[in-house]
Amino acid sequence: RARLLEPQRQAALQALGFEWEAEEADWCVWLGRLAQFKAEHGHSSPWPLAQGVDLYLINWCSVQRIARRCNILPPARIERLDALGFDWTGADPLS
């Protein structure tokens, strides 16, 4: 039998910024990886030729560019990527 969280626990998790939607939580993890990349390298444009670059992160960035071009990337996500200085004009290995 499934149990629901008590309202106090739900409120505590929401106050900590807990993401209830799995897809959004996953997207936020990747955004965090991009932010970490920027902190380490001084820019938010991972490329395959750079040493130690995560190819999965490169792929995720390509998907974000493609989603924006197709007008399916929500404005809130565009704003968060813009805040990191995301390069929307970068070449995409996927396109």
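For the structure given in this document, a descriptive report is provided here.

Calculation notes
- Residues numbered from 1 in each chain as written.
- Predicted model: local features only at pLDDT ≥ 70, side-chain atom pairs only at ≥ 80, totals over all residues.
- Heavy atoms only, no water.
- Axes fitted to C-alpha atoms, helices over the stretch in contact; angles between N-to-C directions.
- Helix = DSSP H or I, 4+ residues; strand = E, 2+ residues; numbered from the N terminus.
- Parallel < 35°, antiparallel > 145°, perpendicular 65-115°, else oblique.
- Left-handed = near helix turned anticlockwise from the far one by under 90°.
- Contact = heavy atoms within 4.5 Å.
- Nonpolar A, V, L, I, M, F, W, Y, C, P; charged D, E, K, R; others polar.
- Buried < 20%, exposed > 50% of the residue type's maximum accessible area, 1.4 Å probe, protein only.
- Phe/Tyr/Trp six-rings, centres within 6.5 Å; stacked < 30°, edge-to-face > 60°.
- Lys NZ or Arg CZ within 6 Å of the ring centre and 35° of its normal.
- Polar contact = N/O pair within 3.5 Å; in protein donor to acceptor, adjacent residues only side chain to side chain.

**Digging into the packing of helix α2 (residues 22-41) against helix α4 (residues 75-83)**
Next up, step 1: Packing of α2 against α4 brings their axes to within 11 Å, and their N-to-C directions diverge by 15 degrees. Considered as vectors, α2 and α4 are oriented roughly parallel to each other. Classified by chirality, the crossing of α4 by α2 is right-handed. Residues E23, E24, W27, C28, L31, L34 and K38 of α2 form the contact with α4, whose participating residues are R77, R80, L81 and A83.
Next up, step 2: For the contact of α2 with α4, the class distribution of residues is six nonpolar, no polar and five charged.

**Quick notes on unusual backbone geometry**
Next up, step 1: Residues other than glycine seldom take positive phi values, yet N71 does so here, at roughly 60 degrees.
Next up, step 2: Exposure remark for N71: the relative accessible area of 69% places this residue in the exposed category.

**Some points on the packing of aromatic side chains**
Aromatic ring pairs are reported here in terms of the distance separating the ring centres and the angle at which the planes meet.
Next up, step 1: By the definition in use, this model includes three aromatic pairs.
Next up, step 2: Geometrically, the ring pair formed by W27 and W60 is tilted, given 5.6 Å between the ring centres and 55 degrees between the ring planes. Here W60 lies in helix α3 (residues 55-69) and W27 lies in helix α2, a separation of 33 residues in the sequence.
Next up, step 3: By relative accessible area, W27 is classed as buried at 4%.
Next up, step 4: Through a chain of ring-to-ring contacts, the aromatic side chains of W27, W30 and W60 assemble into a single cluster.
Next up, step 5: Sitting over the face of the ring of W88, R68 holds its NZ or CZ atom 4.5 Å from the ring centroid.

**With respect to the environment of S44**
Next up, step 1: By the element assignment, S44 lies in the loop between α2 and α3.
Next up, step 2: In the structure, S44 is positioned 40 residues away from L84 in sequence and 6.7 Å away in space, judged by C-alpha atoms.
Next up, step 3: Contact partners of S44, with chain neighbours within four places excluded, come to L34, F37, K38, L84, G85, F86 and D87.
Next up, step 4: There is a polar contact of 3.0 Å between the side chain of S44 and the backbone oxygen of L84.

**Thoughts on the packing of α2 against α3**
Next up, step 1: Packing of α2 against α3 leaves a shortest axis separation of 11 Å and a crossing angle of 115 degrees. By the angle between their directions, the pair α2 and α3 is classed as roughly perpendicular. By crossing handedness, the relation of α2 to α3 is classed as left-handed. Residues W27, W30, L31, R33, L34 and F37 of α2 form the contact with α3, whose own contacting residues are Y56, L57, W60, C61 and Q64.
Next up, step 2: The residue inventory of the contact of α2 with α3, partitioned by class, reads nine nonpolar, one polar and one charged.

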